[in-house]
Amino acid sequence: GVLSGRPADLAGRRLVISAGGTREAIDPVRFIGNRSSGLQGYALARTAVARGAEVTLVAANVALPDPAGVKVVRVTSALELRDAVLEAVEDADAVVMAAAVADFRPSARSGSKIKKTADEPDAIHLVKNPDILAELGERRRAGLKPYPRVIAGFAAETDDVLANGRAKLTRKGCDLLVVNQVGDDLAFGTPDNAAVVLLAEGEQVDIPRGPKEALADVVWDLVAARLA
Ligand code: CTP
Ligand code: CA
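Residues numbered from 1 in each chain as written. Chains lettered and ligands numbered in written order. Predicted model: local features only at pLDDT ≥ 70, side-chain atom pairs only at ≥ 80, totals over all residues. Heavy atoms only, no water.

As named in an unreviewed UniProt entry, the protein chain is Coenzyme A biosynthesis bifunctional protein CoaBC, taken from Streptosporangium amethystogenes subsp. fukuiense.

This is how it looks when you write it as structure tokens:
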């Protein structure tokens, strides 16, 4: 198959991957969500297992079957995803945050379904969610467990892709950031992906348009090198 023939260079490594997109509840039947399919995170999980790793996949709202040989933890909201990632990284070597985490959530969830009224509706008041990737970087900087040795993120940008990506990498204190250009027909829900990986040292690795497994393998090459 497409996954055979890989080196076992991640044997004995414990890896945590977040995938999919969080949902922030408005009421029992409605949420604020995003277009992440989880395909890139699942490709990361499959390729990591193929290279010998022990993988925990924190999956937010994905319609994908559990990959073989992976521990899958299903979550819904950003706060749940934060708890699951912090628990999973306790004995992990590396984390890759491929999930699209909602930046904001409704300040309160209505316990009953919001009804249509004759008047215009109330505005939905939002509050900030924790930035999980930045928190992991901050914990590592401060030596505050739990944090893994290697920390990687993804960033979807529509404009000034490289400059925004570089600023984001620095702000979040991660080792590498995979930057995608997104638009109406790019990246979301498609089998292919093209990206640039920015490294903390200033280097950049271009990944041409290709299967999400190929991008995943480049990420694992870079992670494996940092763990060696
Ligand atoms: N991320 C996170 N927690 C959040 C928001 C994002 O851990 N609350 C992670 C994502 O999983 C991703 C990386 O941070 O790996 C970049 O996400 P992105 O949305 O591009 O960055 P933001 O800092 O939220 O900036 P903005 O949305 O304003 O571009
Ligand atoms: Ca964001």
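## Overview of the site of ligand 1
Spelled out, the test is: Any residue with a heavy atom positioned within 4 Å of a molecule or strand is treated as near that molecule or strand. Any N or O atom pair separated by 3.5 Å or less is treated as a polar contact, with the protein-specific requirement of one donor-capable and one acceptor-capable atom, and with residues adjacent in sequence counted only for side-chain atom pairs. Using a 1.4 Å probe, accessible areas were evaluated by the Shrake-Rupley method; residue-level cover was limited to the displayed protein chains. Strands are runs of DSSP state E lasting at least two residues, helices are runs of H or I lasting at least four, and both sets are numbered from the N terminus onward. For this scheme, ten residues count as nonpolar: Ala, Val, Leu, Ile, Met, Phe, Trp, Tyr, Cys and Pro. Four count as charged, namely Asp, Glu, Lys and Arg, and the remainder, Gly too, count as polar.
Residues in close proximity to ligand 1 total 16 residues, the closest being M97, A99, L133, F154 and K168. Side-chain polar atom of K168 to an oxygen atom of ligand 1: 2.6 Å apart, as the coordinates give it. Here ligand 1 has 570 Å² of accessible area as a free molecule, and 78% of this is covered by the chains. When contributions to the shell around ligand 1 are tallied by element, the ones reaching two or more residues are helix 3 (132-142), strand 9 (150-157) and helix 4 (161-172). Per-element accounting of the shell around ligand 1 gives the leading share, four residues, to strand 9. By residue class, the composition of the shell around ligand 1 is 10 nonpolar, one polar and five charged.

## Let's talk about the UniProt feature "binding site: CTP" (unreviewed entry) in the protein chain
Rules: UniProt positions are given in the numbering used here, feature names are shortened, and annotations may be inferred rather than shown by experiment. By definition, residues are in contact when any of their heavy atoms lie within 4.5 Å. Throughout this description, buried means an accessible area under 20% of the type-specific maximum (1.4 Å probe, protein chains only), exposed means over 50%, and partly exposed covers the range between.
Residues annotated by UniProt as "binding site: CTP" (unreviewed entry) correspond here to D103, K113, P130, D131, I132, L133, F154, K168 and K172. Taken together, the annotated residues stretch across 70 residues and extend over separate regions, lying up to 37.5 Å apart by C-alpha. Tracing the sequence through the fold places P130 in the loop between strand 8 (126-128) and helix 3. The contact partners of P130, leaving out residues within four places of it in the chain, are L79, R82 and R105. Tracing the backbone through its elements, the reader meets I132 in helix 3. On the accessibility criterion, I132 (3% relative accessible area) is buried. If near-sequence neighbours (up to four positions away) are discounted, I132 is found in contact with A78, L81, R82, V85, M97 and V101.

## Looking at the nonpolar core
For the record, the criterion: We define the nonpolar core as a collection of buried residues of types Ala, Val, Leu, Ile, Met, Phe, Trp, Tyr and Cys that are connected through side-chain atoms lying within 4.5 Å of one another.
One finds L44, L176, V178, V219, W220 and V223 to be the most contacted residues of the largest nonpolar core, which totals 34 residues. When contributions to this core are tallied by element, the ones reaching two or more residues are strand 1 (14-20), helix 1 (39-50), strand 4 (54-60), strand 6 (94-97), strand 9, strand 10 (176-181), strand 11 (192-199) and helix 5 (212-227). Element by element, the count of residues in this core is highest for helix 5, at eight residues. The residues contacting W220, other than those within four sequence positions of it, are L10, L15, I17, L44, T47, A48, R51 and V96.

## Describing the sheet that holds strand 9
Sheets are built from strands that pair by backbone hydrogen bonding, the pairs being arranged parallel or antiparallel. Heads up, the rule is: Note on pairing: DSSP must find at least two bridges between two strands before they are called paired. Every angle, taken between N-to-C directions, lies between 0 and 180 degrees, and every axis is a line fitted to C-alpha atoms, over only the stretch in contact when it is a helix.
Strand order in the open sheet formed by eight strands is 5-4-1-6-9-10-11-12, and the pairing between neighbours is mixed. On the outer flanks of this sheet lie strand 5 (70-75) and strand 12 (204-211), each paired with one strand and no other. Strand-to-strand twist in this sheet, taken as the mean axis angle between neighbours without regard to direction, amounts to 20°. The sheet contact formed by strand 4 and strand 5 spans six bridges and is parallel. Across the sheet, the residue bridging to A60 is V75, located in strand 5.

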